[in-house]
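Chain by chain, the residues run as shown.
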Amino acid sequence: PLHTGNTIIKAMVRSGLEHLYTEKVTNFVSNVYLYEQDCFGTLTIYRIIIVKNVVKTIDTFIYDKKLIEAFLKTMYEKESKKGK
């Protein structure tokens, strides 16, 4: 779903970022997560902390293809062990 609150979030979505989810922390605070993936397989996640509809912080988390592959391999191995 499109984020309908803050104008900064709307501008980020219009620039090509995708809305991942919104986490309501309190009645006044929420975390909005946006993401994008480039042609090299790099996944970038943005966590925007909003207080009373004002952006207070934008954190950026960057995951490259090797890291994502290692994570998925580890998760697959854990699930395989549970099935035995």
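See the structure shown above.
So, a few notes on the structure that sits alongside this text. For clarity, every value in this text was computed on a predicted model and none was experimentally measured. (Residues numbered from 1 in each chain as written. Predicted model: local features only at pLDDT ≥ 70, side-chain atom pairs only at ≥ 80, totals over all residues. Heavy atoms only, no water.)

**What about the side chain of Thr44?**
So, point 1. Relative to the helices and strands, Thr44 resides in strand β3 (residues 43-51).
So, point 2. Looking at Thr44, the relative accessible area reads 10%, which means it is buried.
So, point 3. If we skip the residues at most four places from it in the chain, Thr44 touches Leu34, Tyr35, Glu36, Thr60, Phe61 and Ile62. (Helix = DSSP H or I, 4+ residues; strand = E, 2+ residues; numbered from the N terminus. Buried < 20%, exposed > 50% of the residue type's maximum accessible area, 1.4 Å probe, protein only. Contact = heavy atoms within 4.5 Å.)

**Quick word on a nonpolar patch on the surface**
So, point 1. A cluster of nonpolar side chains, Phe71, Leu72 and Met75, forms an exposed patch at the surface whose accessible area comes to about 300 Å².
So, point 2. Residue position: Leu72 is located in helix α2 (residues 65-83). (Patch = residues over 30% accessible without salt bridge, like charges linked within 9 Å, V, L, I, M, F, W, Y side chains within 5 Å. Areas by Shrake-Rupley, 256 points an atom, 1.4 Å probe, with all protein chains shown as cover. Salt bridge = Lys/Arg side-chain N within 4 Å of Asp/Glu carboxyl O.)

**Comments concerning the environment of Gln37**
So, point 1. You can see Gln37 is positioned in strand β2 (residues 29-37).
So, point 2. As a C-alpha pair, Gln37 and Lys10 span 27 residues in sequence and 18 Å in three-dimensional space.

**Looking at the pairing of strand β4 (residues 54-63)**
So, point 1. Note: β3 against β4, nine bridges, orientation antiparallel. Looking at the pairing, Leu43 lines up with Tyr63 of β4.
So, point 2. Between the end of β3 and the start of β4, which pair antiparallel, lie two residues, with Lys52 showing a positive phi angle near 50°. (Pairing = 2+ DSSP bridges.)

**Focus: the pattern of salt bridges**
So, point 1. Applying the stated criterion across every chain yields a total of one salt bridge.
So, point 2. Linking Arg47 and Asp59 is a salt bridge whose minimum nitrogen-to-oxygen distance equals 2.7 Å. In this pair, Arg47 is assigned in strand β3 and Asp59 in strand β4, connecting sequence segments twelve residues apart.
So, point 3. Take Arg47: its relative accessible area is 25%, and that puts it in the partly exposed class.

**Some details on the sheet that holds β2**
So, point 1. Taken in spatial order, the four strands of this open sheet run β1-β2-β3-β4, and their pairing is antiparallel. Of all strands in the sheet, those bounded by a partner on one side alone are β1 (18-24) and β4. On average, each strand axis in the sheet is tilted by 20° relative to the strand beside it, whichever way the strands run.
So, point 2. Those strands touched by helix α1 (residues 7-14) are β2, β3 and β4, and its axis lies near 165° from that of β3. (Axes fitted to C-alpha atoms, helices over the stretch in contact; angles between N-to-C directions.)

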